[in-house]
Structure formats: C-alpha cells, structure tokens
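# Observations on the three-dimensional arrangement
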Amino acid sequence: MFKNWDDVRKTQDGVARILTNSIARNRVSHSYIFEGPKGTRKKGVAILFAKTLLCTNPQDYNPCNACHNCLRVENNTHPNLFVIDPPGKVIKKEVISNLILELSKASLEPGPRIYIVIDADRFNPSSANTLLKTMEEPGQEVYQVLITENYNSLLSTIISRAEILHFLPINRSIIKDYLVELNVNETFANIISQYTSDLPTAEKLAKNKETEEIYLLVTEIFQNLTLKDQSSIISLYQADKLFTDNENVDIFMNLLIYYQKDILSYKLNNDNFIMFIDQKETIAKLAKKITKNQAQEYLEEMLDLSMKLKYNINLQLAFNKLLMILERGYKYATHSRSDTV
Ligand SMILES: [Zn+2]
C-alpha cells in the first residue's frame, strides 16, 4: 500500500504530479478515470487519493498515515470510502443504485465521500446511465475514481465528464530493483522483469518455489549443453510435475527463449542485452560452438514451439525433441537444417 505520493512517483511520475498539483491547489476533480495496463497499481493510487482527501492532518499533499481517518482507510473501514468491485463480468444497475443510496445516507461522516469502481469497463448501458446521472450533478463532496485497463470501452459520455489519467506500464528496471530489494537473486529478478511488467505478478513469481525450479532447470539445461557427457533428458523428465501447470510451461518456454536470445546477442556482440547476467561464461562458451545462423535457427525452433503450446500437444515429447536439436548443435556441431554460416 502506498504511504505517500513520493512512492507513487517512483513508478507513475506523471500521475503523481497531476494529482499532487491538484491537491496542493485545492483543484481536485470530482471524476477521474485511471486507465492503464494490469499491475500498474491503479487501485493503490486511488486508495492513497482517498486517504489524502480524508486525512484530517495532511502534510502538504501527503496524508499523515496516523490520524483516525488514515487508519480507517488502511483498514478498509472508513464509512465514506466505497470500493465497488462486484464479482462477475457485468456491474449491474442495482449496484450503482445502491451506491447512490449509500452516498446520500446520513450515517456517513461529514467530509469527502469517495467511491472507486474496479474494472469500470464492466458497466452495461443501464448501469452506465445510472452512474452518469450522479456524474452530471455530483454532490459537493463526492469524488469518483473509475479504474479500467481499457477506457475505450467506457461510454463516451462518461469519458467526457471525467479527467483521464494514464498509467504507464512499469519500467522493467524498476521491477528488477524492487525484487532485488526483496533479496531476490539479481539474475532471477532480471528474468522475471522480462517476463512480466506487472509488479504484483512479478513479486508472486519471485517468491514461488516452482518458478525458481524452472529457472534453475533452464540454466542447467544450457550448462549441460557445454558438456559432452551430460544430458538434461532426465532433468526434463523429473520436471514433469512442473509442467502440469500452464503458467509454468509458459515460463519455462520463455526462459529457454531468453537464454537462446542471450546466446544470439553474444554472437552479435550485443552483450548489454544479455538477460541471464550471471551466466555470461556459459553463454560465451555456447556461442562459440555454433554459427550465427544456427543461433537464429534454434531461436526460431523455440518460438515455433511456443506457438504450438497453445494446442494440446505432448509436452514431454515436444521438449525432448527440442532438447535433441540443441544437443546435436551445441555438443556435436551437427546442423539440423541449413549448414550456411
Ligand atoms: Zn491522516
């Protein structure tokens, strides 16, 4: 949870600037649309925004994080803050009618009333129109934040009544640094930040034992390719249980691709692009064993296979086949398709 706007600035500088400026000048809009990709912490920013408005002892534009209001926002118990996130694909009209009723109740405390709608693209025409009525004449102290990954699917009449703030995909180096701060190994953190730009997902993966096993398996596979008397076939069989999960399969495939890309980068003298940073020695060894065309060819094999993973194929068979192609090439310099340089 964000404690202050400097925290937000680290990942969403533009959004933080606009909101803190408005708060400092007392020019906050009554309606915002927070738009941007998954994992950009739009909800977290909306909660901080609500906390800032409700705080009884703000310091400049930051909430104090200590007053009764701040604490109740943190515990999700402030009566004036509503987070609308019903289950299902549609936010029905009744949900919005109920909200309007709640907002007008005397049981609320004096001061701002804020509601946050999660995945606001789930409005259907009748709930959108009900909402629109409140947007046309918002109470003096009613504020709304509509959160969406895709604001084009909101009614244009809603869009035109709100101020849109665009959340940018989180810079990968920020994700990497964030994971390293959590004591994640640097290379592993780097790889995860390549795999996802969604901060909560990145953190989840970094803490997941299975993701780490996959990462170790991939480094082992490539290290074994430098040795004539070591095959990874057995390790691949042993990893079978990991592959019962689709996300794991996807991660495994992507990590193989990253590693192969690293070998290609090395061949092209683009060392700076190497993702498996602590594997440079192995990458250099492998790069010397094959031609640039082979490096490209193996990468294409992998990309091909990653497309086929969407279908119901025999994974063990497919991965074994890929491994054989790699072993032939890296261990025995036998080209599988073209022998051109
Ligand atoms: Zn406070």
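Residues numbered from 1 in each chain as written. Predicted model: local features only at pLDDT ≥ 70, side-chain atom pairs only at ≥ 80, totals over all residues.

### Quick look at the overall build of the chain
Of regular secondary structure, the chain possesses 16 helices and five strands. Here the C-alpha atoms of the chain give a radius of gyration of 26 Å, more than 25% beyond the 20 Å that 2.2 N^0.38 yields for 341 residues. A principal-axis box enclosing the C-alpha atoms of the chain has dimensions of 80 × 40 × 35 Å. Burial status across the chain gives 33% buried among its 341 residues. The contacts of the chain with a sequence gap of at least 6 include a subset with a gap of at least 24, amounting to 70%. (Helix = DSSP H or I, 4+ residues; strand = E, 2+ residues; numbered from the N terminus. Rg over C-alpha atoms; globule rule 2.2 N^0.38 Å. Buried ≥ 20, exposed ≤ 12 C-beta atoms within 10 Å, placed from the backbone. Contact = placed C-beta atoms within 7 Å.)

### Observations regarding the nonpolar core
Ranked by size, the top nonpolar core spans 39 residues in total, and within it F34, A46, A50 and I116 carry the most contacts. Sort the elements by how many residues they give to this core and helix α3 (residues 42–54) lands first, with eight residues. Sequence-distant contacts of I116, that is, excluding residues within four places in its chain, are made with K43, A46, A50, V83, I84, V145 and I147. Among the nonpolar cores identified, the runner-up in size contains 38 residues, and L205, I263, L264 and I290 belong to it. (Core = buried A, V, L, I, M, F, W, Y, C linked by C-beta atoms within 7 Å.)

### Quick notes on the environment of Y32
Structurally, Y32 is set in strand β1 (residues 31–35). On the neighbour-count criterion, Y32 (24 C-beta atoms within 10 Å) is buried. When the C-alpha positions of Y32 and I159 are compared, they lie 9.0 Å apart, and in sequence the two are 127 residues distant. Sequence-distant contacts of Y32, that is, excluding residues within four places in its chain, are made with V145, A162, E163 and L165.

### Considering the environment of E35
Mapped onto the secondary structure, E35 falls in strand β1. The spatial distance from the C-alpha of E35 to the C-alpha of T226 is 47 Å, given a sequence separation of 191 residues.

### Points about the sheet that holds strand β4 (residues 142–148)
Strand order in the open sheet formed by five strands is β2-β3-β4-β1-β5, and the pairing between neighbours is parallel. Edge positions in the open sheet fall to β2 (81–84) and β5 (163–166), since each of these has one partner strand only. Strand-to-strand twist across the sheet, computed as the mean angle between neighbouring axes with direction ignored, equals 15°. Bridging between strand β3 (residues 113–117) and β4 involves five bridges; their strand directions are parallel. (Pairing = 2+ DSSP bridges. Axes fitted to C-alpha atoms, helices over the stretch in contact; angles between N-to-C directions.)

### A word on the packing of helix α15 (residues 292–308) against helix α16 (residues 315–332)
Relative to each other, α15 and α16 sit at 180°, their axes nearing to 11 Å. When the axes of α15 and α16 are compared, the pair comes out roughly antiparallel. Residues Q294, Y298, E301, M302, L305 and K308 of α15 lie in contact with α16, whose contacting residues are A318, L322, I325, L326 and G329. Grouping the constituent residues of the contact of α15 with α16 by class yields seven nonpolar, two polar and two charged. (Parallel < 35°, antiparallel > 145°, perpendicular 65-115°, else oblique. Nonpolar A, V, L, I, M, F, W, Y, C, P; charged D, E, K, R; others polar.)

### Let's talk about the environment of A128
Along the polypeptide, A128 turns up in helix α6 (residues 125–136). Residue A128 is classed as partly exposed on the basis of its 19 C-beta neighbours within 10 Å. Distance from A128 to K93, taken between C-alpha atoms, is 7.6 Å for residues 35 residues apart in sequence.

### Some words on the pairing of β1
Most of β1 is tucked away, with four of its five residues classed as buried. Note that β1 and β4 share five bridges and pair parallel. Its bridge partner being in β4, F34 is matched across the sheet by I147. Inspection of the sheet shows β1 paired to β5 by four bridges, in the parallel sense. Bridging across to β5, F34 finds its partner in L165.

### Quick word on the domain arrangement of the chain
Annotation of the chain at the domain level lists domain 1 (5–166) and domain 2 (208–332). Put simply, the middle of domain 1 and the middle of domain 2, counted by C-alpha atoms, are 45 Å apart. (Domains from an automatic or database assignment.)

### Comments concerning unusual backbone geometry
One non-glycine residue with positive phi stands out, namely R41, at about 65°. Looking at where R41 falls in the secondary structure, it is placed in the loop between β1 and α3. On the neighbour-count criterion, R41 (24 C-beta atoms within 10 Å) is buried.

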